[in-house]
Amino acid sequence: MNLPEKLIASDTVNTTCCYCGVGCGVTAAVADNQVVAVAGDNQHPANKGRLCIKGSSLHETQSSPDRLLSPMLHGKPVDWDTALDYGAAKFRDIIEQHGPDAVAFYLSGQLLTEDYYVANKLMKGFVGTANIDTNSRLCMASAVVAHKRAFGSDAVPGCYEDLEQTDVLIMVGSNTAYAHPVVYQRIAKAKEERPDMKIVVLDPRRTATCEIADIHLPLRPGTDAYFFNGLLTYLADHNGIDQDFVDTHTNGFDDSLAAARGQVPDITAAAHLCQLERADVEKVYQLFAQNDKVVTVFSQGVNQSSSGVDKGNALINCHLASGKIGKPGATPFSITGQPNAMGGREVGGLANQLAAHMGFDKPEDIHRVEQFWQAPNMARKEGLKAVDMFRAIEEGKIKAVWIMATNPAVTMPEAGRVRKALEKCDLVMVSDCIGNTDTAKLADLVLPATTWSEKHGTVTNSERCISLQKGFLNAPGEARHDWEIICQFAQKLGYGEHFSYSHQVDIFREHAALSGLDNNHSRGFNISALEEIDKKDYENFAPLRWPVTDQSPEGTDRLFTDGRFYTPDGRARFIPIEARLPVNTPAADQVILNTGRIRDQWHTMSRTGTAAKLLGHVDEPYIDIHPEDIERFGLIEGDLAVLANQGQRYFGRVKKSADQREGEVFVPMHWNGKYAASSCADALVNAVVDPICGQPEFKHSPVRISPFKQAWNGFLVCADDITPACEYWAKITLDGGYKFRLADGECPDNWASWVKNQFPHIDDWVDVCDSGQQFFRAAGFTGGRLQVVFSAATDKTSAREMRWLEQQLGQEIDANTRFAILAGIPGGGVEDEGAMVCSCYQVGQNTIAKAIKGGCASVEALGEKLKCGTNCGSCIPELKALLR
Amino acid sequence: MADLSKAKQKLLIVGNGMAAGRFLDELIKRGISGFEVTVIGDERQGSYNRIMLSPVLAGETDVPAIIGKPSSWYRDQGIRFVSGVQVKAIERAQKCVLTTEGNRLRYDHLVLAVGSRPAKIPAENQQLDNIYSFRTLRDVDRLLNKARFHEMHGRKTDTDALVIGGGLLGLEAAYGLALKGLRVTLVHRSGWLLNRQLDPIAAGYLKRALEAKNIEFMLSDEVARFTGTHELKAAEFKSGKHLSCKLCVIATGITPNKELGLAAGLKGERGVAVNAFMATSDESISALGECVEFKGDTFGLVEPIWQQCTTLAERLCNNIKLPFENNPVPTKLKVSGVNLFSAGEFLTTDEHRELVYQDDKAGIYRKLLLRDNRIVGAVLIGDARDGQDYFSMLTEKKDVTEIAPFLLMGRAFYQTNEQPDSSDETEAA
């Protein structure tokens, strides 16, 4: 990739992207304490120069208008001492009165390993409770336990190269195209170079990832383990077992096979249970059996389930049985969601872990850690996992919670209930870089944390690769690093001498030392070779895959190459799996709600939502639904529909999609109270969890669906961020302002006063009223510059949006152009470019359609003509769809 | 009816205002060789454009520029022009008219185009000096002299000039005087200006625009009496207010000059009654312009009168019966910088669908009244573009359902919008 000009001209820094679990290296150009441009780091093993749209927009999401600059106690700014004294005193009181289990930490895969380490140490070693969990619970908990059960340690055996080198790549419940775009690009390129490589996608939805798939199996939601049990049976019946490997390196094969066969005796049964075509199932089973190089990638479609651990083991069983593990191009591969989900697992930042891959199930582990930390109040049992933790808050058993770098009021199942629980909680502390997330709004104490480009420390990606997320900008205002805040808090609690780190490297060394302590190949995570890393090497940390030991100082690409696992006997374990369906089944008038990511947003949008470019692709919450269901529920494509469950409502635009199975809808997980009136998907998610790992079943909640009976709809384009007085609104960030889509079940008495009341500082208005109430339009100006445009209509045709109009925001508008502003169209009738497809080069659908009409017959031809798809490439699946 | 096959018919036209002038043009267009045409007018000048009196007063144009037909023109056309003479009576039996000087002129066919006169107001002491109407070049001449005199003497009183009547003529007179540097107050009987053409909100915008041009207003009030010995000194109002002033212009409307015709026994009530072909109850006498009454209506704007001229010329020259239709006529105001347009219905009722554009700061107000999704009225102020287009839609009874949201933004928008998928967008651009 060519570096943007700015990047050549300025000082550059190598760091790591803060978004997904791919963990791409980023080269950032810095000038005047600002990131002015970014490009993919050519040297980084994860991306080798590539970046996705989110990554390549990092510099555009630098300055948030909502950046928190000072500690806030009950909504008022206070100094750090006051803030921490308040929090610590409350913590101390509650612990004294109710014991250490009455307090909790809720952390995040966004934290750096060093932050995570000290938080975990403070809670488990000094406060004396394991009530410390993380949003990785919502993401990776199933895979963690599946790994531990099979391998004796939470370790991903392979690396990204395996995904390129394999002959058969099976992606299960993983929309890599959206969730891990750079990994997807690597796979797509490999497939292009070796067209014989087979790609299979198992997903109830036909996702963008299916664009490169040879076979898509739209299986019944939640039946993955049936599918893999069927595969195990098939392997046994079709000469697919690597008997040598099974005999030498594993235990428990016979029981597992018996369990699999008992439930799924043949292909026909598998096809029936998974609601798939028998021939398709057979084809995939054959591919698996007849190729040595098979990689099975699995992600949230497997993990976010009431039987996620078993699903993971069902697929790992197949790899163990056929010996497809520990070899180039042959491995099961869990791909993580967050930038440091793996780092959090390494330090033990989950309620059922201790530290450095040690657990509460072994007294010697507890003792070892206690000694190492010189911990006065060592926790000795597992703490409450996320769902139970917020239940305990609701019940008043936990009275103080400190939430760091995450937004559980939006992301937890039954998010509405979590919100209420936090409202009641005695002390809610939130550390974040943004002061007004839905969660921060509920907090007593909000602490300003540093963010990407300011904070400094390590992260570990999906392939065990540790890289440095570098701090190279000065933090604004009073913002501090999370590890500093935690250590200062520890000091206020009286544990200062154990938290007296002067630099991140001190923490990293301690963490590395613990990983090697009495390890002897008993624990996968071992970076003992780095326990004396000097500060300079740490500051220039080159990406390394763990284990990093004296025997492998350059890191380790693949695990288990010698067939030795981290179990006491060194053998991998088969786990007999009794596959189970999701817990809640839909009633006759319900559909199954599935949730997930979209391409250009990250989590609750607090960062990506601030860049207009990233809202160009999908700008509003929506509902993907099968055409038959549109009929069945009396919906209209493009209109709003309402999903309802547990007293919560999700508003979304109806999108007709034959990619959905009948009876199942998909909604994006990102929208929240900052970006929409009522479109928080997780508020509708049932809080059903996997009994072993506690991960919630995000992919399967029965909900009701109905058309939204709107009396009017419209849009509001304005320079100021407001909360429209409207039943439905969705906020879309523009360059220089915001656009709100609006709808309500009732018309206001007077549209003119409705809009003017929300902008009391504007007194220069122009409007068009219709006594017939078909439409209303208004525009407001300050000093002749356009500040607000409002358009409402009681029918669907009148309120038309135009990008031209949005571009006028903040511009000086003469009297004549005011007519055009109200009409919403430029006087000369300029063509609108339509919905944004290529966010990088801002190429719209109409422009692309025109080019296709004009003879561009391939993605390459379009790229040559319009540049679309030539930067990050994330829009290529859509370009292909437009070409069809 | 004139018999054209024999000797030349004597066609006598009484009146030499705008209607007569236009009628002559229409006759000449069709050929007047069969006629011996005589025009009698009580003003000295040839036919001039009365509409342009306000620009003359305002100094935006001069007298020669508005005289359409100087005396030489009549000579050149072979038309006998009798100026400065008034007709006292019509002697229908003898087919002649009697002038105030006692002369008789014979006719085979008589056309009455005697126009109208300023309407009277009930105020006392209207005989005082410096109280004028605003109807003729002579009125304008006297006003200009007075204004010029005033300029030389500076201003000391509350107000210099009082204009009575907030209709088109009154507003134009007030504007002309204000432009001459006089302090002008306009008094209007109704609660809002142009109450025959505008709704109260539009009138408010108009008032604001005119106030910016140094005109003050007294609404819902009337002059009860003028005071002064010989010259006007002040006016007293029904509200009890009192205002000293040096001159007054009364522009409260017009009264058709029907007396000449009705005294001769022609039918009529508000004016001389005509049928759709401009014939009076006497087949040898036709009438047109502001002196006529047609189906109960009288006329004060030029458009329908132009049509009357065509109808009558067609009948007299070509014996073609082209009926006159009294269609709605849009109103415009000739005040520089004040764009105003009003056509059709202008007061909103519950039966209307009303579309209103308001730009307070720019002083723009545009209102369309719809009935059954068809435009039945348009009121535009501040920006009167598209008025004609709305007016065409009104007369064509065009269904505007589809373009309603864009109508008030102007032609560029609703015409673009009519064919959103048109492929020649580049041409439009």
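Residues numbered from 1 in each chain as written. Chains lettered and ligands numbered in written order. Predicted model: local features only at pLDDT ≥ 70, side-chain atom pairs only at ≥ 80, totals over all residues. Heavy atoms only, no water.

## Quick word on the overall build of chain B
- Along chain B, the regular secondary structure elements total 13 helices and 25 strands.
- Relative to the globule expectation of 22 Å for 429 residues, the C-alpha radius of gyration of chain B, 24 Å, shows essentially globular dimensions.
- By principal-axis analysis of the C-alpha atoms, chain B measures approximately 70 × 65 × 40 Å.
- Relative to its 429 residues, chain B shows a buried fraction of 52%.
- In chain B, once contacts between residues fewer than 6 apart in sequence are set aside, the share between residues at least 24 apart is 62%.
- Carbon and sulfur atoms make up 47% of the accessible area of chain B, which totals about 19,400 Å². (Helix = DSSP H or I, 4+ residues; strand = E, 2+ residues; numbered from the N terminus. Rg over C-alpha atoms; globule rule 2.2 N^0.38 Å. Buried < 20%, exposed > 50% of the residue type's maximum accessible area, 1.4 Å probe, protein only. Contact = heavy atoms within 4.5 Å. Areas by Shrake-Rupley, 256 points an atom, 1.4 Å probe, with all protein chains shown as cover.)

## Considering the overall build of chain A
- Secondary structure assignment for chain A yields 30 helices and 34 strands.
- A compact globule built from 884 residues would reach a C-alpha radius of gyration of about 29 Å, and chain A, at 27 Å, matches this within 12%.
- Along the three orthogonal principal directions, the C-alpha set of chain A runs to about 85 × 65 × 55 Å.
- Buried residues in chain A amount to 67% of all 884 residues.
- Nonlocal contacts in chain A, meaning residues at least 24 apart in sequence, comprise 71% of its contacts between residues at least 6 apart.

## Quick word on the interface of chain A and chain B
- In this complex, chain A contributes 27 residues to the contact, which on the side of chain B involves 29 residues.
- When chain A packs against chain B, close to 2,200 Å² is buried across both sides, 56% of that on carbon and sulfur atoms.
- The interface formed by chain A and chain B contains two salt bridges.
- Salt-bridge contacts for D770 of chain A lead to R353 of chain B; the nearest nitrogen and oxygen are separated by 2.6 Å.
- For the pair chain A and chain B, the number of links is six residue pairs in polar contact (both at pLDDT 80 or more).
- Listed by contribution, the elements that provide at least two residues to the side of chain A that touches chain B are strand 30 (764–770), strand 31 (775–782) and helix 27 (815–823) of chain A.
- Here strand 30 of chain A runs beside strand 23 (residues 353–359) of chain B; their pairing, made up of five bridges, is antiparallel. Within the sheet, the bridge partner assigned to V766 of chain A lies in strand 23 of chain B and is D359 of chain B. (Buried area = accessible area lost by both parts, 1.4 Å probe. Salt bridge = Lys/Arg side-chain N within 4 Å of Asp/Glu carboxyl O. Polar contact = N/O pair within 3.5 Å; in protein donor to acceptor, adjacent residues only side chain to side chain. Pairing = 2+ DSSP bridges.)

## Considerations on the packing of aromatic side chains
Residue and element names in this part refer to chain A.
- Applying the stated criterion across every chain, the model contains 39 aromatic pairs over all chains.
- Summarising the aromatic geometry, the rings of F227 and F228 are spaced 5.3 Å apart at their centres and angled 80° between planes, so their arrangement reads as edge-to-face. Accessibility classification places F227 together with F228 in one group, the buried group.
- Three or more aromatic residues link up through ring pairs in this structure, and these residues are W712, W751, W754, F776 and F790.
- Taking NZ or CZ as reference, K327 lies 6.0 Å from the ring centre of F245, over its face.
- In this arrangement the basic side chain of R818 is found over the ring face of F781, its NZ or CZ atom lying 3.9 Å from the centre. (Phe/Tyr/Trp six-rings, centres within 6.5 Å; stacked < 30°, edge-to-face > 60°. Lys NZ or Arg CZ within 6 Å of the ring centre and 35° of its normal.)

## Observations regarding the pattern of salt bridges
Residue and element names in this part refer to chain A.
- Counted under the stated rule, the structure contains 80 salt bridges over all chains.
- Across the pair R186 and E164 runs a salt bridge, and its minimum N-O distance is 2.9 Å. Of this pair, R186 sits in helix 8 (residues 181–193) while E164 sits in helix 6 (residues 160–165), and the two are 22 residues apart along the sequence.
- Between D237 and R261 there is a salt bridge, and its shortest N-O distance comes to 2.9 Å. Linking D237 in helix 9 (residues 224–237) with R261 in helix 11 (residues 253–263), this pair joins segments that are 24 residues apart in sequence.
- Among the residues examined, D237 registers a relative accessible area of 41% and is labelled partly exposed.

## Some words on empty space enclosed by the protein
Residues and elements named next belong to chain A.
- Scanning the entire structure with this criterion turns up six cavities of 30 Å³ or more.
- Every residue along the wall of the second largest cavity is listed here: V387, F390, R391, E394, M412, P413, E414, R417, V418, A421 and A687.
- For the lining of the second largest cavity, the elements supplying multiple residues, two or more each, are helix 18 (386–394) and helix 20 (415–424).
- Sort the elements by how many residues they give to the lining of the second largest cavity and helix 18 lands first, with four residues.
- Partitioned by chemical class, the residues of the lining of the second largest cavity number seven nonpolar, no polar and four charged. (1 Å grid on protein atoms, 1.4 Å probe; cavity = no way out; pocket = protein on both sides within 12 Å on 5 of 7 lines; lining within 4 Å. Points joined across faces, edges and corners; volume = space filled by probe spheres on them. Nonpolar A, V, L, I, M, F, W, Y, C, P; charged D, E, K, R; others polar.)

## Examining the pairing of strand 17 (residues 457–460) of chain A
Residue and element names in this part refer to chain A.
- Bridge analysis of strand 17 against strand 18 (residues 465–469) gives four bridges, and the strand direction is antiparallel. The residue bridging V459 from the neighbouring strand is S467, located in strand 18.
- Counting the residues in the hairpin turn of strand 17 and strand 18 gives four residues, including R464, whose phi is positive at 65°.

## Thoughts on the domain arrangement of chain A
- Under the domain assignment used here, chain A contains domain 1 (9–60), domain 2 (72–139 + 341–545), domain 3 (141–334), domain 4 (590–707), domain 5 (712–829) and domain 6 (836–883).
- In this structure, domain 1 of chain A and domain 5 of chain A have C-alpha centres spaced 37 Å apart. (Domains from an automatic or database assignment.)

## With respect to the pairing of strand 15 (residues 427–432) of chain A
All names here are of chain A.
- Across the six residues of strand 15, six count as buried, placing the element largely inside the fold.
- Of the two faces of strand 15, the one lined by L427, M429 and S431 and the one lined by V428, V430 and D432 are each fully buried.
- With five bridges joining them, strand 14 (residues 400–404) and strand 15 adopt parallel strand pairing. Counterpart to V401 in the pairing with strand 15 is V428.
- Where strand 15 meets strand 16 (residues 445–448), four bridges bridge the pair, whose relative direction is parallel. Note that in strand 16 the partner of V430 across the bridge is V446.

## Points about the packing of helix 18 of chain A against helix 20 of chain A
All names here are of chain A.
- Between helix 18 and helix 20, whose axes approach to 8 Å, the crossing angle comes to 45°. Put simply, helix 18 runs oblique to helix 20. Along this stretch, helix 18 crosses helix 20, giving a crossing that reads as left-handed. Contact residues: helix 18 offers F390, R391, I393 and E394, while helix 20 offers R417, V418, A421, L422 and K424.
- Tallied by class, residues from the contact of helix 18 with helix 20 come to five nonpolar, no polar and four charged. (Axes fitted to C-alpha atoms, helices over the stretch in contact; angles between N-to-C directions. Parallel < 35°, antiparallel > 145°, perpendicular 65-115°, else oblique. Left-handed = near helix turned anticlockwise from the far one by under 90°.)

## Comments concerning the sheet that holds strand 23 (residues 640–645) of chain A
All names here are of chain A.
- The strand order 21-25-22-24-23-26 describes a closed barrel built from six strands, whose pairing is mixed. Neighbour-to-neighbour, the strand axes of the sheet open up by a mean angle of 45°, direction not taken into account.
- The sheet contact formed by strand 21 (residues 590–596) and strand 25 (residues 664–668) spans five bridges and is parallel. Residue pairing across strands places G596 opposite P668, the latter belonging to strand 25.

## Structural notes on the side chain of D160 of chain B
- Of note, D160 of chain B is situated in the loop between helix 5 (137–153) and strand 10 (161–164).
- At 2.6 Å, the side chain of D160 of chain B forms a polar contact with the backbone nitrogen of R183 of chain B.

## Brief notes about the sheet that holds strand 3 (residues 80–83) of chain B
Residue and element names in this part refer to chain B.
- The five strands lie next to each other as 3-2-1-7-19, forming an open sheet whose pairing is parallel. A strand with exactly one partner marks an edge of an open sheet, and here the two such strands are strand 3 and strand 19 (285–287). Across the sheet, the mean angle from the axis of one strand to that of its neighbour is 15°, orientation sign disregarded.
- Relative to strand 3, strand 2 (residues 35–41) runs parallel, the two sharing four bridges.

## Regarding the environment of M836 of chain A
Residues and elements named next belong to chain A.
- Along the polypeptide, M836 turns up in strand 33 (residues 836–838).
- The buried category is assigned to M836, whose relative accessible area is 7%.
- Along the primary structure M836 and D619 are separated by 217 residues, whereas in three dimensions their C-alpha atoms are 9.4 Å apart.

## Digging into the side chain of H603 of chain A
- Locating H603 of chain A in the fold gives a position in the loop between strand 21 and strand 22 (622–625).
- For H603 of chain A, the residues in contact, after removing those within four places along its chain, are Q110, Q338, R597, M669 and H670 of chain A.

## Focus: the state of the cysteines
All names here are of chain A.
- Counting across every chain of the model gives zero disulfides over all chains.
- The thiol of C24 is not disulfide-bonded; the next cysteine sulfur, from C20, is found 6.2 Å away.
- Sulfur of C693: no disulfide; nearest cysteine sulfur belongs to C139 and is 11 Å away.
- The class of C693 is buried, set by a relative accessible area of 0%. (Disulfide = S-S within 2.5 Å.)

## Structural notes on helix 22 (residues 504–516) of chain A
Residue and element names in this part refer to chain A.
- With 13 residues, helix 22 extends 19 Å between its outermost C-alpha atoms, agreeing within 8% with the 18 Å of an ideal straight helix rising 1.5 Å per residue.
- Among the 13 residues in helix 22, ten count as buried, and that is most of the element.
- For helix 22, every residue scored as buried is listed here: Q504, V505, I507, F508, E510, H511, A512, A513, L514 and S515.
- Immediately beyond the C-terminal end of helix 22, within one or two residues, lies D518, with a positive phi of roughly 50°. (Expected span 1.5 Å × (residues − 1).)

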